[in-house]
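Structural overview
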Amino acid sequence: MNTPSQAKGPQHNFDTMDVSVRADIDRSCREVVLLWYASSVFWLLLGSVLALVASIKLHTPGFLAGSEWLTFGRVRPAHLNTMIYGWASMSGMGTLLWLMARLCKLPLPWREGLMIAGLYWNGMVAIGTWQILIGNGTSIEWLEFPWWISIPLGATFLVVIALSIKMLRERREKHLYVSQWYLFGSTIWFPFLYIGATILIHSPAAVGVAKGTANWWFAHNVLGLWLTPIGLASAYYFIPKVLGRPIHSYYLSIIGFWTLALFYNWAGTHHLIGGPLPAWLVTVGTVGSMMMFVPVITVAVNHHLTMVGNFSKLRVSPTLRFIVFGAMSYTAVSVQGSLTALRTVNETGHFTHYTIAHAHLGVYSFFTMIAFGSMYYVMPRLVEREWISSRLIKVHFWCCAIGILMYWVGLSIGGWLQGTWMNNPDIPFMDIVRRMIPYLWSRSIAGTLMTIGHFAFGILVWKMLRREGGWLVDPTLFVSRKEAAAEASMLKAISDAGVDE
Amino acid sequence: MNRISLIMAGVFATVIASLFGLVLIPSMQFQQMPPKEIFAADGSTTMYPVALEDFREAPGKEVYRSMGCVYCHSQQVRPEGFGADIDRGWGQRRSVPRDYVLQNPPYLGTMRTGPDLANIGVRQPTEAWHYLHLYDPQITSPGSVMPSFKFLFQTTVGKEPTPPLGSLVIQLPETSASEPTWIVPSVRAISLVAYLKSLAQKYELEEVQ
């Protein structure tokens, strides 16, 4: 079924594509995508600072305790919302627009409209964050913006949906690549979920605990049906693109898409296992979570088989290194997520920092790392300048990679112990609070490391926007092309010599 | 072209299916759960659940929302044999959908940095405890990582203040203040405590069995 000729990929499309056409498309995206990207980096930095404040408050409650604005219960949702709606959504939208233009082989239409949409989006996120800090947040997780922010914010997507349909209809490349499926799906899913959930929670349409399930139907799907499709679309595009070989199997990727669409939706209620819900509702969530193994394994196999034999390129290409890190995390976070939905695991992991670690494995280790990788690829093509320093990119990568690993390990172990202790009624609650302090410190240290990485990235993006890098020279890689070539010929010589013996 | 409408139809169908399955159908089920008459031992009857009263409790819930209490405190008791909620004394029985039909929205919570509050109104009935705890958690619970909500109080050091008629004055215990200190809770603090004291899932319901 899966002969090489059927396995199409971006490489397949672009081999024949005129370089100047590609440059025209990139130029058409320049202002719009840079606006969304630059804004996203601003929110990333702000969100990191808010995260650190919240993290420190958890082990040192006296920190900034006098300020009502910065009380933990406000800083934490302010962090989450700036990260999701500011950083992740805006960087995702930048990548989405660029990928759509490239894959449809069309210059980006409606540029002025998309610029206005970007400014409007920034304004909405700013007002929403401010509303949370002054105490008007909703305390509904992932939906903290007041409804009069969420609905206009979600409505922005009417433009994006119309744009996607227009581009897909007018596309010059007849073949629809899997990334386009994912991107198109996500543009429809997100506004439907966001506006739908906002209405359900703020109107009498959902009663009592149904507002809780509406909450988790939404919150789980923001990751699953908005950020995940963009992350996967990026991985599906950039891995073959950087390697210069097609994706392993086109059919596997389509199976992955439809199983994700079918099963992810139903997984949200696993956040309420043990809660006051009818039993069947929780069972549905568990079954949905288990079925997620299908799309996850499909995607993992497909990406892995595309990478096989090319892992050495991770040493060279920043884009590839970030994206492969993200793609591997996708497998890890999904497997962990499915297992967490099991009642026995949930009994201990629920209500603890174990869940927080899991959430960051998804949004950070998977999505954010892929977003970084995508931006490393796209921005030089828009600005027509190279990144200013490969050393800073290394600082960025290692701070984030070590940071998130430490974050995940520390909070997973700490959270699991927290759950075990909490389920043992002989341990007084206050003892658990005390025993958790070292693990909470490990999060603050890991978070500081990640924040340092983000500021390194901020400097790189700032220099990029100021066009300080070189152009029409070698791309900024971890190992320059000359070094790589020299190394390769040396290795070849060694292995040839080996054969002679 | 066909493919695009096909993707669109599929994408909508999947998400609408889950919307019905996870939210709308359960919601219809909960709509058919009106408050119930409970017969007490002395022959009197009460309705359960009870809506928050508008003067203090309902505004108190808004303070709970505004301060983000939900990020560290859940309001749900897990069933016997699943966790140790009942053994810890967080409730007499597990929580059921009926407990929440009048809550709009319910703050079920997903995190227990602090203990569950589903029955805090029964577990900590004295107002003074709540005020001291909110003013500075270290007074009532040394080692707590809960933030202090001093900004919900007026603090006077030295001599006892004369507050407006009817409002509370509480003196801090001498061990936690170097000088004699009095605190006067603001309207928001009074409302929040009224809301916390209203939190109780106290009646045995037949669906719990």
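Just so we're clear, the structure is a prediction, and the values are computed from it rather than from any experiment. (Residues numbered from 1 in each chain as written. Chains lettered and ligands numbered in written order. Predicted model: local features only at pLDDT ≥ 70, side-chain atom pairs only at ≥ 80, totals over all residues.)

1. What about the overall build of chain A?
A count of helical and extended segments in chain A gives 16 helices and 0 strands. Against the compact-globule benchmark of 23 Å for 501 residues, chain A has a radius of gyration of 23 Å, which places it among compact chains. For chain A, the share of sequence-separated contacts (at least 6 apart) that also reach a separation of at least 24 residues comes to 85%. (Helix = DSSP H or I, 4+ residues; strand = E, 2+ residues; numbered from the N terminus. Rg over C-alpha atoms; globule rule 2.2 N^0.38 Å. Contact = placed C-beta atoms within 7 Å.)

2. Brief notes about the overall build of chain B
The helix and strand tally for chain B stands at 6 helices and 5 strands. Starting at the N terminus and ending at the C terminus, chain B contains elements arranged as α-β-β-α-α-α-α-β-β-β-α. Expressed along its principal axes, the backbone C-alpha trace of chain B runs to roughly 80 × 55 × 35 Å. Buried residues in chain B amount to 40% of all 209 residues. (Buried ≥ 20, exposed ≤ 12 C-beta atoms within 10 Å, placed from the backbone.)

3. Description of helix α6 (residues 187–198) of chain B
The end-to-end C-alpha distance of α6(B) is 17 Å, a good match for the 16 Å that 12 residues give at a rise of 1.5 Å each. Packing partners of the buried residues in α6(B) comprise α2 (57–67), α3 (120–123), α4 (127–135), β3 (153–157) and β5 (181–185) of chain B. (Expected span 1.5 Å × (residues − 1).)

4. Points about the sheet that holds strand β4 (residues 170–171) of chain B
Residue and element names in this part refer to chain B. Strand order across the open sheet formed by 3 strands is β3-β5-β4, with antiparallel pairing between neighbours. Each of the sheet's edge strands pairs with one partner strand only, and the pair in question is β3 and β4. In terms of strand pairing, β4 meets β5 through 2 bridges, oriented antiparallel. When the bridges of β5 are listed, Gln-171 appears paired with Trp-182. (Pairing = 2+ DSSP bridges.)

5. Considerations on the packing of α4(B) against α6(B)
Residue and element names in this part refer to chain B. As a packed pair, α4 and α6 sit with axes 10 Å apart at the nearest point and diverge in direction by 125°. Between α4 and α6, the angle falls in the class oblique. With respect to the hand of their crossing, α4 and α6 are arranged in right-handed fashion. Contacts between α4 and α6 involve Glu-127, His-130, Tyr-131 and Leu-134 from the first element and Ala-189, Val-193 and Leu-196 from the second. (Axes fitted to C-alpha atoms, helices over the stretch in contact; angles between N-to-C directions. Parallel < 35°, antiparallel > 145°, perpendicular 65-115°, else oblique. Left-handed = near helix turned anticlockwise from the far one by under 90°.)

6. Focus: the interface of chain B and chain A
If you look at the interface, chain B gives 59 residues, while chain A gives 70 residues. When residues in the side of chain B that touches chain A are grouped by element, the largest group, 19 residues, is from helix α1 (residues 2–31) of chain B. A per-class count over the side of chain B that touches chain A returns 33 nonpolar, 19 polar and 7 charged. (Nonpolar A, V, L, I, M, F, W, Y, C, P; charged D, E, K, R; others polar.)

7. Brief notes about unusual backbone geometry
Excluding glycine, residues mostly carry a negative phi; peptide bonds, for their part, are mostly trans. Of note, the amide linkage connecting Tyr48(B) to Pro49(B) takes the cis form, showing an omega dihedral of -5°. Take Pro49(B): it is sitting in the loop between β2 (45–48) and α2. A positive phi is found at Trp110(A), a non-glycine position, where the angle reads about 55°. Topologically, Trp110(A) is positioned in the loop between α3 (72–104) and α4 (111–133). Non-glycine residue Ser139(A) carries a positive phi angle of around 60°.

8. Details of the pairing of β5(B)
In terms of strand pairing, β3(B) meets β5(B) through 5 bridges, oriented antiparallel. Across the sheet, Thr156(B) pairs through a bridge with Trp182(B), a residue of β5(B).

9. Topic: the pairing of strand β1 (residues 36–39) of chain B
Put simply, side chains in a regular strand alternate between the two faces of the sheet. All names here are of chain B. Strand direction decides the pairing type here: β1 and β2, joined by 4 bridges, are antiparallel. Residue Phe-39 lies in a different strand from β2, and its bridge partner there is Thr-45. Where β1 folds back onto β2 in an antiparallel hairpin, the turn is made up of 5 residues, including Gly-43, whose phi is positive at roughly 95°.

10. Structural notes on the confidence of the model for chain B
Residues and elements named next belong to chain B. Residues at a pLDDT of 70 or more form 99% of chain B, whose mean pLDDT is 90. Within chain B, the lowest mean pLDDT, 81, falls on β1, and the highest, 97, falls on α2. The ipTM for the predicted assembly is 0.93, set against a pTM of 0.92. (pLDDT = per-residue confidence, 0-100.)

11. Some words on the environment of Met379(A)
Residue and element names in this part refer to chain A. Inspection of the secondary structure assignment puts Met-379 in helix α13 (residues 353–383). Using a count of 23 C-beta atoms within 10 Å as the deciding quantity, one classes Met-379 as buried. In this view, Met-379 contacts Tyr-37 and Met-464; residues no more than four positions away in its chain are not counted.

12. A word on the confidence of the model for chain A
Model confidence for chain A is summarised by a mean pLDDT of 91, while 94% of its residues fall at 70 or above. Throughout residues 1–15 of chain A the model reports pLDDT below 50, and contacts reaching past four residues in sequence, or to other chains, amount to 28 contacts.

13. So, the environment of Ile16(B)
Within the element layout of this structure, Ile16(B) appears in helix α1. As a C-alpha pair, Ile16(B) and Gly68(B) span 52 residues in sequence and 31 Å in three-dimensional space.

14. Details of the nonpolar core
Residue and element names in this part refer to chain A. Core analysis: the largest hydrophobic core is formed by 197 residues, its most contacted members being Leu-97 and Leu-193. The greatest single-element share of this core, amounting to 21 residues, is contributed by helix α7 (residues 209–243). If sequence neighbours within four positions are ignored, Leu-97 has contacts with Cys-29, Val-32, Val-33, Leu-108 and Leu-114. (Core = buried A, V, L, I, M, F, W, Y, C linked by C-beta atoms within 7 Å.)

15. A look at helix α8 (residues 250–263) of chain A
In this model, α8(A) (14 residues) spans 20 Å end to end at C-alpha, consistent with the 20 Å of a helix rising 1.5 Å per residue. All buried positions along α8(A) are accounted for by Leu252(A), Ser253(A), Gly256(A), Phe257(A), Leu260(A), Ala261(A) and Phe263(A).

16. A closer look at the packing of helix α2 (residues 19–59) of chain A against helix α15 (residues 429–465) of chain A
All names here are of chain A. One can describe the packing of α2 onto α15 by two numbers: an axis separation of 9 Å at closest approach and a directional angle of 160°. If you check the angle between α2 and α15, you find them roughly antiparallel. For the pair α2 and α15, the sense of crossing is left-handed. Its residues placed into classes, the contact of α2 with α15 shows 17 nonpolar, 9 polar and 1 charged.

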